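Geometric and topological summary
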Amino acid sequence: KQEENFHLLEINLLLDREENERALAAANEALSDYPDNIRIRYARAMLLDSLGKPGQAEDDLRQIIDQQPQNAVALNALGYIITTRSDRYAEARDYIERALTIDPGNPAILDSMGWVLYKQGQTEEALDYLSRAWEAYADPEVAAHLGEVLWKTGEREQARIIWEEGFEQDPDHPILIETVERLSGEQPL
């Protein structure tokens, strides 16, 4: 167990130093030694997604769910990756709904549910979930999502307020910057 934790620590240290390829190599090596370690597999899945390899990330997350069908974090991550990297929204929503059943108050899952509903054109329901996620956890990525839905429904001043609050937490958040530039045509606030 201690050896597995050392592997995880090494992966996280490399990620902190933005040495993503070395972190991926470390994760691959760790999983060859400990193929059933869910924490290492989850770390690799998130890394693979960030490196533009969502299919491989999905594979890792499905393996975790095979081992632990009630793992709300993995279910949500899989649903969110499918939502943001494909148009398989019904499949994504199924995973997110399962996660929400297990952990109904989790703001990350509320955000994912709101985002997949928005992608499916269910704007009012999306606003409900995203507003609840924002209330529970005012995170820049939630700000990007909630702001986008508000913007698209004509609530532009409210969207700007939410975005400003997101930028106060992280002025360099890439998803928030991309959202504001894409929708408003302006440089971030």
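The structure contained in this document is the topic of the report that follows. Every chain begins its residue count from 1, and numbering advances along the sequence as written. Residue-level local features of this predicted model are given only where pLDDT is at least 70; pairs of side-chain atoms are given and counted only at 80 or more, and the full residue set underlies all totals for whole chains, interfaces and linings. Neither water nor hydrogens contribute to the side-chain values; these are computed over all heavy atoms in the structure.

Looking at the overall build of the chain
Stated formally: Starting at the N terminus, helices and strands are each numbered in turn, a helix being any DSSP run of H or I of at least four residues and a strand any DSSP run of E of at least two. Put simply, the radius of gyration uses C-alpha atoms, and a globule should come to 2.2 Å times the residue count raised to 0.38. Throughout, exposure labels follow a simple rule: accessible area from a 1.4 Å probe, protein chains only, divided by the maximum for the residue type, with under 20% read as buried, over 50% as exposed, and the rest as partly exposed.
The helix and strand inventory of the chain stands at eleven helices and zero strands. Reading the chain from its N end, one meets helices and strands in the order α-α-α-α-α-α-α-α-α-α-α. For the chain, the C-alpha radius of gyration of 17 Å lies close to 16 Å, the compact-globule estimate for 189 residues. If one aligns the C-alpha atoms of the chain with their principal axes, the spans along those axes are about 55 × 35 × 25 Å. For the chain, buried positions account for 46% of its 189 residues.

So, a nonpolar patch on the surface
Rule in force here: Patch criteria: residues need more than 30% relative accessible area and no salt bridge. Like-charged residues are merged within 9 Å; nonpolar side chains of Val, Leu, Ile, Met, Phe, Trp and Tyr are merged within 5 Å. Each accessible area is a Shrake-Rupley estimate made with a 1.4 Å probe; only the visible protein chains count as cover when residues are assessed. Take a side-chain nitrogen of Lys or Arg and a carboxyl oxygen of Asp or Glu: if they are within 4 Å of each other, that pair is a salt bridge.
There is a patch of nonpolar side chains on the surface, built from Phe6, Leu9 and Leu13 and spanning about 300 Å² of accessible area. For Phe6, the position within the fold is in helix H1 (residues 2-16). A residue is classified by how much of its surface remains accessible, and Phe6, at 47% relative accessible area, is partly exposed.

Focus: the pattern of salt bridges
Within the structure shown, the criterion is met by 13 salt bridges. Across the pair Glu19 and Arg17 runs a salt bridge whose closest N-O atoms are separated by 2.8 Å. What makes Arg17 exposed here is its relative accessible area of 53%. Between Arg132 and Asp128 there is a salt bridge; the shortest N-O distance is 3.0 Å. In this pair, Arg132 and Asp128 are both assigned in helix H8 (residues 123-136), four residues apart and thus about one turn of the helix distant.

With respect to the side chain of Asn76
Worth spelling out the cut-off: Polar contact criterion, stated in full: a pair of N or O atoms within 3.5 Å, where within protein one must be able to donate a hydrogen and the other to accept it, and residues adjacent in sequence count only if both atoms are side-chain atoms. In this analysis, two residues are considered to be in contact whenever any of their non-hydrogen atoms come within 4.5 Å of each other.
Relative to the helices and strands, Asn76 resides in helix H5 (residues 72-85). A residue is classified by how much of its surface remains accessible, and Asn76, at 9% relative accessible area, is buried. Polar side-chain contacts of Asn76 include one of 2.8 Å to the side chain of Ser112. Not counting the four nearest positions on each side in its chain, Asn76 is found in contact with Ile96, Ala99, Ala108, Ile109 and Ser112.

A word on a negative patch on the surface
Keep this limit in mind: In this tally, Lys and Arg are treated as positive and Asp and Glu as negative; His is ignored, and so are the chain termini. Every charge is mapped onto a representative atom, which is NZ of Lys, CZ of Arg, CG of Asp or CD of Glu.
Taken together, Glu3, Glu10, Glu29 and Asp33 make up a surface patch of like negative charges. Mapped by element, the contributors of at least two residues to the negative patch are H1 and helix H2 (20-33). Residue position: Asp33 is located in helix H2.

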